Amino acid sequence: MAENIVLLKVFVSSPGDVSEERQVALEVLEWLPNRVAFRGKVAFQVVAWDKPGAGTPMLASMSPQEAIDAGLPKPSECDIVLVIFWSKIGRPFQMNGVDYLSGTHYELLDALSSPPTQTMIYQRTEKKLFEAEDEAGIAQYKALQAFLKGDVFYDPATSQARRGINRYDAPAAFREQLESHLETIVANLLERQATRSAPSQSAAPVAAASNIQMITAKGWEGSPFPGLRSFTKDDAPIFFGREREIDALVKLVASQRFVAVVGASGSGKSSLVGAGLLPRLAANAVNSPVTASKDWYVVQFTPGQSSNPFVSFFEALIRTFKPLPHNWREVEEIQTKPATACTILARTLVSLKAPQWAEVLLFIDQFEELFTLAGPETIEPFARMLELLAAEPRVRIVATVRHDFVHRAIEIPELAELLRGGFFSLAAPTTRALAQMIKGPAELAALDFEPGLPEQLLTDTGSGAGSLALLAYTLDELYNIAARRGDKRLNFADYDYLEGVAGAIGKRAEETFARFGGSVEEKEQLLAEVFRELVEVDERGTATRQRAPLERFDPQQGRLVEAFTQARLLVTDAAHVEVAHETLFQSWERLRHWIGSVQEDLILRRQLRAAAEEWERRGRAEGWHWPHERLEPVYAMCERLKLELSETEKRFTEPEQARLLREVDDLRTGHERRREIGDRLSVIGDTRPGVGVRADGLPDIDWLPVAPGGSIQIEEQTFKVAPFYIAKYPITYAQYEAFVKDPDGFDNHAWWKGFPKEHQRQKLKEQRTKSRNNPRDSVSWYQAVAFTRWLHQRLQGLELPSPGKDAGSPFVVGSNAEVRLPLEWEWQWAAQGGSQKREYPWGGEWQEGYANTYEAGLNRAVAVGSYPQGASPFGVLDMSGQVLEWCLNNYSQPAEKNISSNITDIKGLRGGSFLVDASYAACAFRNGDDPRYAY
């Protein structure tokens, strides 16, 4: 070792339940000497008494006394001590007459006894799940919690903390903390060492021992970037940026026998498993009383390695278990009797004399090949085999699946059931993760970047799923250019030569497009027609490839397909065509621009088709309909694309309002549901005529003609009914708000003329239920009349046809017609059906479900027209129940209808309300109240 390199001793101490963190610590320590700041300046001796050899971290195997007797450095003799806890404290022991909770307890106390030693304590906060029968594990957890609250960490006299604990939720977070902490500590130690006149206590290397590992800056030979190939377990040291995904995947694999890693093409699924999961499993990441992943056997294959996925599986068994004899006749037996695979794997483990905790992990990469390359007759038997294998106690399965083939998997019951518990979704990497993928491998290979180049790569690459392949390709090319000239520096000149990240692929695509015959406009139209079938856009806006039947393209489109196939940008077989690599979607500017211009419509088109198919499969269940908020963009998309919907899609996209109103028309619909429907219509827009406000801001009144033809007795007085029109619904909250918000409305003194002074512009109460289609409640008689005066003025010139053949000329507001409150006899005539004299608007007897009265139990008004069965013969709604309705005339003297009446005159009210019972809702029932009151 060079004399100018400082050697630091690092002691790693922990119970046996944090093997992942110990592996992470080793990886961080192997990475640090390659950092630019530390390159050629520092090396580490990693000491771990419970780690015999430099292989996988093991459970505690050496006591402190044994370690000291063996001459291994004590924690207090090291520069840095890392102590890691999760759910255990360890086994108690005695040393020199002193009782310790565990070896870790002793090691921590020994480290703390040395002031120069930099001691870092870490605790994993993720909840540890114990089986109910794991009494020892639960006891360990309780002992650890008591220890962490004890006098090592808190002053028993004052309860003040004596030292801090670095807490984290998962190994990836531990890595982030440890990298930051060690960078700071190592920098400080190097600075301290540089100021010392005497050598450090740790300057001299310790003699080689099985529990000591020397780490120096050895770097990575060759290109640290994989190009377009996937990472493998041998690439684990250069696999950066997916630490949190690895944590999550490890956890899922530990709890499930089948896990599907699902993501877009080029999202790094294979690399995540090959260089992330498998090395972590080899480091004993899954470690419980019944299994230890360090002893698992990994069988890796892709279903399409052979035309028969069973052959691919069997070939993988042979590669993995070479010393064992295999009978190829078993392949056919597995296909006809899938349970045979379980027998073969069980027999194999016995033949290997594997420990009882050892398992077989099947890594099925590119699982979608089962649907694209395997014979159709093999798909369901293969799925059945996987179902049986996943039920075995010593078999686990991890499969990588393109997200656009998941629907094919769930069509098979066995695979659908497996996916239900083991679905792992892999998203595109974040910008921070991409930065790690650039800089981490480069540091291990001792590569330098021209300042600003990594940032430019990040900017040009983006964060789409295909960016990983494109970035890896570009970095590998930059490395190869530098290597050819014997250089270790990646620079902008080479980057510009490659025409940036998108250069090579985009340039080839544009040249192919330029050579194709026809005008630019014709070719762009053809391009859209072809790639509309070859591209899908997911919810993140990421374009992904999809296979399309060749027969879908006409001869002219087929010529373009052939040209791009010859350029190796498309791939075809006898019946299908697809994009060779999804990086084309981002690399070719012309195609990227087209996708960008239609991507929202393409996303929606795919979602619509999938949702309509699902709705159809589920028997057109109402709950699977899309709501209004999702349908509005669909209508716009169909218009832009001139899309012809299928019959299923047309039925699926029926407006929500129409579906809800159809439900309202059904007498079986209960009161609570009618309330919900009304509130929902208020939210999405109640489009019924007569409920809302017109485009010009005025109330949209649906005027219904009421033909005269008789008279009504009220308080022994006879009133002849003249022709009139009446609003179909009570005035709604939205319609009254038009009066309130009109600058010439509620605050205009003209509408209050003649009222008692103290009730001119009478203060308006809040609406009780602020749904726009509810009847306006809490309005006094004065406020109701003011509204009608305003509306009369605003509707000047409105012409309605004669309400009956004997009713005279048409009604013209401001000429021979006035907008006002009804007189009681007009109200009653409209409610009882004229001369029919119905007891209730719908007939002679009270009917449950026909009105919103006390019996409904709602204790509030609901949207107008929510009880269409209760309509009067003239079509007027809500004349029974809902809210009491003011009439123009006085109550005690019905013939009087003077507006400037004395303040004490009671005004007529009709119709009952939600607060009173059915008897108040009868057509002839009279009520009255003080005009000042707004109940």
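A. Up close: the overall build of the protein chain. Within the protein chain, the secondary structure is distributed over 30 helices and 31 strands. The C-alpha atoms of the protein chain give 40 Å as radius of gyration, which overshoots the globular expectation for 935 residues (30 Å, by more than 25%). Taking the principal axes of the C-alpha coordinates as reference, the protein chain spans close to 120 × 85 × 60 Å. The burial tally for the protein chain puts 53% of its 935 residues in the buried class. Within the protein chain, contacts between residues separated by at least 24 positions form 72% of all contacts whose residues are at least 6 apart in sequence. Accessible surface, the protein chain: about 42400 Å² in total, of which carbon and sulfur atoms supply 50%.

B. Quick peek at helix α20 (residues 520–534). Its 15 residues give α20 an end-to-end C-alpha distance of 20 Å, which sits within 8% of 21 Å, the value for a rise of 1.5 Å per residue. Taken together, the buried positions of α20 are Lys523, Leu526, Leu527, Ala528, Val530, Phe531 and Leu534.

C. Structural view of the sheet that holds strand β29 (residues 885–890). Reading across from one edge, β29-β30-β31 is the order of the 3 strands in this open sheet, with antiparallel pairing throughout. On the outer flanks of this sheet lie β29 and β31 (927–929), each paired with one strand and no other. Neighbour-to-neighbour, the strand axes of the sheet open up by a mean angle of 40°, direction not taken into account. Examined bridge by bridge, strand β30 (residues 907–910) and β31 share 3 bridges and lie antiparallel to one another. By the bridge assignment for β31, Lys907 is matched with Asp929.

D. Spatial organisation of the nonpolar core. Among the nonpolar cores identified, the biggest contains 58 residues, and Phe44, Leu82 and Leu249 are the most heavily contacted of them. The leading source of residues in this core is helix α5 (residues 171–195), at 8 residues. Every residue in contact with Phe44, bar those within four places of it in the chain, is listed here: Leu7, Leu8, Val10, Leu29, Leu32, Pro33, Val186, Gln213, Met214 and Ile215. Counting 46 residues, the second-largest nonpolar core is a separate cluster that includes Phe301, Leu345, Ala374 and Val406.

E. Just helix α7 (residues 269–282), in detail. Taking 1.5 Å of rise per residue, 14 residues should cover 20 Å, and α7 covers 19 Å from first to last C-alpha, within 8% of that figure. Of all 14 residues in α7, 13 are buried, a share of seventy percent or more. After α7 finishes, the residue Asn284 shows a positive phi value of roughly 70°.

F. Just the pattern of salt bridges, in detail. Taken as a whole, this structure holds 48 salt bridges when the rule is applied. Salt-bridge contacts for Glu616 lead to Arg620; the nearest nitrogen and oxygen are separated by 3.0 Å. For Glu616, a relative accessible area of 34% corresponds to the partly exposed category. The salt bridge partner of Glu656 is Arg680, with a shortest N-O separation of 2.9 Å. Pair noted here: Glu656 is in helix α26 (residues 656–664) and Arg680 is in helix α27 (residues 671–684), with a separation of 24 residues, a long-range link. The class for Glu656 is buried, based on a relative accessible area of 8%.

G. Geometry of the packing of α5 against helix α6 (residues 243–255). With their axes 7 Å apart at the nearest point, α5 and α6 run at an angle of 150° to one another. Residues Pro171, Ala172, Ala173, Arg175 and Glu176 of α5 form the contact with α6, whose own contacting residues are Glu243, Arg244 and Asp247. For the contact of α5 with α6, the class distribution of residues is 3 nonpolar, no polar and 5 charged.

H. Region of the structure containing the sheet that holds strand β3 (residues 80–85). Sheet architecture is open: 6 strands sit in the order β7-β6-β3-β1-β2-β8, paired in mixed fashion. The strands lining the two open edges of the sheet, one partner per strand, are β7 (166–168) and β8 (212–215). Strand-to-strand twist in this sheet, taken as the mean axis angle between neighbours without regard to direction, amounts to 20°. One ladder, built from 6 bridges, connects β3 with strand β6 (residues 118–124); its direction is parallel. The residue bridging Val81 from the neighbouring strand is Thr119, located in β6.

I. The arrangement of the state of the cysteines in detail. Evaluated as defined, the whole model comprises 0 disulfides. Distance from the sulfur of Cys923, which forms no disulfide, to the nearest cysteine sulfur (Cys887) is 12 Å.

J. Representation of the environment of Glu443 within the structure. Along the chain, Glu443 falls in helix α15 (residues 431–444). Expressed as a C-alpha distance, the spacing of Glu443 and Pro627, which sit 184 residues apart in the sequence, is 52 Å. Polar side-chain contacts of Glu443 include one of 3.1 Å to the side chain of Trp31.

K. Structural context of unusual backbone geometry. Even without a glycine there, the phi angle at Asn96 is positive, about 55°. Its place among the elements puts Asn96 in the loop between β4 (93–95) and β5 (98–100). Judged by relative accessible area, Asn96 falls into the exposed class, the value being 67%. Even without a glycine there, the phi angle at Ser778 is positive, about 55°. Tracing the backbone shows Ser778 in the loop between α28 (733–741) and α29 (781–794). When its relative accessible area of 12% is taken as the criterion, Ser778 is described as buried.

L. Quick peek at the pairing of strand β22 (residues 576–579). The sheet contact formed by strand β20 (residues 548–549) and β22 spans 2 bridges and is antiparallel. Within the sheet, the bridge partner assigned to Pro549 lies in β22 and is His576. Pairing of strand β21 (residues 570–572) with β22 involves 3 bridges; the strand directions are antiparallel. Across the sheet, the residue bridging to Leu570 is Val579, located in β22.

M. Main features of the pairing of strand β9 (residues 258–263). Within β9, 6 of the 6 residues are buried, leaving the element largely enclosed by the surrounding structure. Covered by surrounding structure in β9 are Phe258, Ala260 and Val262 together with Val259, Val261 and Gly263, the residues of both alternating faces.

N. Seen up close, the side chain of Asn890. By the element assignment, Asn890 lies in strand β29. Of the polar contacts made by the side chain of Asn890, one reaches the side chain of Lys907; its length is 2.5 Å.

O. The confidence of the model for the protein chain, seen in detail. Of all residues in the protein chain, 93% attain a pLDDT of 70 or more, and the chain-wide mean is 88. Predicted confidence is poor over residues 52–60, with pLDDT under 50, and the contacts of this stretch with residues over four places away or in other chains come to 24 contacts.

P. Highlighting the packing of helix α9 (residues 329–336) against helix α10 (residues 340–351). Interhelical geometry of α9 versus α10 gives an angle of 130° and a closest axis separation of 8 Å. By the angle class used here, α9 and α10 are oblique. On α10, the residues touching Glu330, Glu333 and Ile334 of α9 are Thr340, Ala341, Ile344 and Arg347. Of the residues assigned to the contact of α9 with α10, the class counts are 3 nonpolar, 1 polar and 3 charged.

Q. Up close: the environment of Ser682. Within the secondary structure, Ser682 sits in helix α27. Taking C-alpha positions, Ser682 is 7.9 Å from Ala863, a pair spaced 181 residues apart along the chain. Apart from residues no more than four positions distant in its own chain, Ser682 is found in contact with Ser771, Arg772 and Asn773.

R. Structural detail: the side chain of Ser19. Mapped onto the elements, Ser19 comes out in helix α1 (residues 19–31). Among the polar contacts listed, one links the side chain of Ser19 to the backbone oxygen of Asn284, at a separation of 2.6 Å.

S. Representation of the packing of aromatic side chains. Per the counting criterion, the structure on display carries 39 aromatic pairs. Note on Phe93 and Tyr106: the rings are 6.5 Å apart at their centroids and 75° apart in plane angle, and the pair reads as edge-to-face. Of this pair, Phe93 sits in strand β4 while Tyr106 sits in helix α3 (residues 103–112), and the two are 13 residues apart along the sequence. Exposure class is identical for Phe93 and Tyr106. Each is buried.

Cut-off values and rules
Residues numbered from 1 in each chain as written. Predicted model: local features only at pLDDT ≥ 70, side-chain atom pairs only at ≥ 80, totals over all residues. Heavy atoms only, no water. Helix = DSSP H or I, 4+ residues; strand = E, 2+ residues; numbered from the N terminus. Rg over C-alpha atoms; globule rule 2.2 N^0.38 Å. Buried < 20%, exposed > 50% of the residue type's maximum accessible area, 1.4 Å probe, protein only. Contact = heavy atoms within 4.5 Å. Areas by Shrake-Rupley, 256 points an atom, 1.4 Å probe, with all protein chains shown as cover. Expected span 1.5 Å × (residues − 1). Pairing = 2+ DSSP bridges. Axes fitted to C-alpha atoms, helices over the stretch in contact; angles between N-to-C directions. Core = buried A, V, L, I, M, F, W, Y, C linked by side-chain atoms within 4.5 Å. Salt bridge = Lys/Arg side-chain N within 4 Å of Asp/Glu carboxyl O. Nonpolar A, V, L, I, M, F, W, Y, C, P; charged D, E, K, R; others polar. Disulfide = S-S within 2.5 Å. Polar contact = N/O pair within 3.5 Å; in protein donor to acceptor, adjacent residues only side chain to side chain. pLDDT = per-residue confidence, 0-100. Parallel < 35°, antiparallel > 145°, perpendicular 65-115°, else oblique. Phe/Tyr/Trp six-rings, centres within 6.5 Å; stacked < 30°, edge-to-face > 60°.

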